[in-house]
Amino acid sequence: MIKVVKFGGSSLASAEQFKKVARIIRKDQDRRYVIPSAPGKRTPDDTKVTDMLYSCYALANMDEDCDEEFEEQLNRIRERYEEIIKGLDLDLDLTDEFRTIRENFIRRIGRDYAASRGEYLNGLIMSAYLGYDFIDAAEVIQFDEAGNFLADETNQILSGRIREVERAVIPGFYGAMPDGTIKTFSRGGSDITGSIVARAIHADMYENWTDVSGFLIADPRIIKNPKAIDVITYRELRELSYMGATVLHEDAIFPVRREGIPINIRNTNIPEDKGTLIVEGTCRKPRFVITGIAGKKDFASITIEKAMMNSEVGFCKKVLEVFEDNQISIEHMPSGIDTMTIFVHQDEFEEKEQKVIAGIHRAVEPDFLELESDLALIAVVGRGMRATRGTSGRIFSALAHANVNVKMIDQGSSELNIIIGVRNHDFNDAIRAIYDIFVNTMI
Ligand code: ASP
């Protein structure tokens, strides 16, 4: 078995955390390829090293007033690493590394280079501590001149290189363009590196270690101690993307999914928890009819009514073009016989509102047009829904009992999700009512 293990910033924020991580890795011989993030926050008001690097780079070579501040900030970053090295009793000297980093910052080599040093240095420490080989991500993760990630080229180079070594540490978050310029993924991108490495080595499992024991059925700020999700499919996770984004980078799914490699979200601080397993498909019966509930507030809706709209060829296209022309993305689009409603993000829509209305009038001459704001969308997702009767009925009655007025309900044709529109101020009550009926009453 081969496991690729990625550790997030909070798992590597201090020497203590490094020790936990090493214990986890050594406990399972299959954990052979390690992807570290940069040191994250040690306490809630601490600063991530990546953010320190960005701000340090902003001060580099600006003007004389900034020089002192620049040196201080660089020292603070160095101290964070020195503290880890000392706490681990390692014989590792970063003097040369910091000399190079300082020179490159002053040459203003690039913001991405600056940010990437967080993972690079953590990778050096991790490889020294574990006794694993170090592979610099700049040599194996490839981007083109425009900064687009090159999946196939990377896969070829990386799989060749990685097969030569039994065990290795590969820093997350960055790679290089053809001329050697360092390029990073978007924030949280070490998750993507882990997934790319898992694909290249045909891993049996991609373990993503963080500071939560996987996904929860609902947001813990709304539901007290919600149950964890033990198994979720990639499709369900996508439907719950409102909720997933904070735990796992969205772009981390694609490379492993195409190879059928499962992802296991685990908690470095409670390693005995099994976490959440993300899989392509499963025969395992879900514990509850629903896998998860997630939602978001602050949508606006535009309802367009026109008699016989369903027989007018190209009607939807014309309406959608108005949104496209105004560069507004559409979140959801339920429709009736003579109506169609379009949900958009309120903040994006507000400033272009009058242009959109005028555009729709011109494009399709509606009989009636209605706008509503302060709406929330809630996605109730579960592969178990297909085999269960009455799911939407139960949702309706739970919401009615909770005095929540349902503005809209829409079941996806996959029978994997039901989307409900409510007023912003009913959002929490609605989630609580749905959680209660599907989870609390089933225990
Ligand atoms: N260190 C980077 C960030 O803070 C990347 C990562 O942690 O995945 O976004």
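Below, the structure is looked at part by part.

What counts, and at which threshold
Residues numbered from 1 in each chain as written. Predicted model: local features only at pLDDT ≥ 70, side-chain atom pairs only at ≥ 80, totals over all residues. Heavy atoms only, no water. Helix = DSSP H or I, 4+ residues; strand = E, 2+ residues; numbered from the N terminus. Buried < 20%, exposed > 50% of the residue type's maximum accessible area, 1.4 Å probe, protein only. Contact = heavy atoms within 4.5 Å. Areas by Shrake-Rupley, 256 points an atom, 1.4 Å probe, with all protein chains shown as cover. Lys, Arg positive; Asp, Glu negative; His and termini not counted. Charge placed at Lys NZ, Arg CZ, Asp CG, Glu CD. Pairing = 2+ DSSP bridges. Expected span 1.5 Å × (residues − 1). Arc of directions from axis to C-beta. Near = heavy atom within 4 Å. Polar contact = N/O pair within 3.5 Å; in protein donor to acceptor, adjacent residues only side chain to side chain. Nonpolar A, V, L, I, M, F, W, Y, C, P; charged D, E, K, R; others polar. Salt bridge = Lys/Arg side-chain N within 4 Å of Asp/Glu carboxyl O. Phe/Tyr/Trp six-rings, centres within 6.5 Å; stacked < 30°, edge-to-face > 60°.

A tally of regular secondary structure across the protein gives 16 helices and 16 strands. Judged by the C-alpha coordinates and their principal axes, the protein covers about 75 × 55 × 40 Å. By residue count, 53% of the 443 residues in the protein fall in the buried class. For the protein, restricting intrachain contacts to residue pairs at least 6 apart in sequence, the fraction spanning at least 24 positions comes to 74%. Of the roughly 21000 Å² of accessible surface on the protein, 46% is carried by carbon and sulfur atoms. Distance from the positive charge centre (55 side chains) to the negative charge centre (72 side chains) of the protein: 7 Å.

Reading across the sheet, the eight strands line up as β3-β4-β2-β1-β7-β9-β10-β8 and stay open at both edges, with mixed pairing between neighbours. In this open sheet, the two edge strands, each paired with only one partner strand, are β3 (133–134) and β8 (231–233). The pairing of strand β1 (residues 3–7) with strand β2 (residues 31–36) spans five bridges and is classified as parallel. In the strand pairing of β2, Phe7 is matched with Pro36.

Spanning 13 residues, helix α7 (residues 151–163) covers 18 Å between terminal C-alpha atoms, matching the ideal 18 Å at 1.5 Å per step. Considered for burial, the residues of α7 that qualify are Thr154, Asn155, Leu158, Ser159 and Ile162. Mapping the buried residues of α7 onto a view down its axis gives an arc of 120°, with all of them on the same face. Where α7 is buried, its residues contact β2, α6 (137–140) and α8 (190–200).

Quick look at the site of the ligand now. What surrounds the ligand is the set Ser37, Lys48, Thr50, Glu119, Phe173, Arg187, Gly188, Gly189 and Ser190. In the model, an oxygen atom of the ligand is placed 3.4 Å from a nitrogen or oxygen of the Gly189 main chain. Contacts to the ligand include Ser190, whose backbone N or O atom sits 3.0 Å from an oxygen atom. Computed on the free molecule, the ligand has an accessible area of 270 Å², of which 93% lies beneath the protein chains in the complex. The class makeup of the residues in the shell around the ligand is one nonpolar, five polar and three charged.

Under the counting rule described, the total for this entry stands at 29 salt bridges. For Arg383, the salt bridge identified is with Glu236, shortest N-O distance 2.8 Å. You can see Arg383 sitting in the loop between β14 (368–381) and α15 (391–401) and its partner Glu236 sitting in helix α9 (residues 234–239), a full 147 residues away along the chain. One salt bridge connects Arg257 with Glu280, and the closest N-O pair in it is separated by 3.2 Å. With Arg257 in helix α11 (residues 253–257) and Glu280 in the loop between β10 (276–279) and β11 (292–305), this pair connects stretches of sequence that are 23 residues apart. Using a relative accessible area of 44% as the deciding quantity, one classes Glu280 as partly exposed. Put simply, Lys3, Asp28, Arg31 and Glu207 are held in one network by salt bridges that share partners.

The next thing to look at is the packing of aromatic side chains. Per the stated rule, a full pass over the model turns up nine aromatic pairs. Ring plane angle 40° and centroid distance 6.3 Å describe the contact between Phe70 and Phe105, whose orientation is recorded as tilted. Within this pair, whereas Phe70 is found in helix α3 (residues 64–87), its partner Phe105 is found in helix α4 (residues 95–106), the two being separated by 35 residues in sequence. When its relative accessible area of 2% is taken as the criterion, Phe70 is described as buried.

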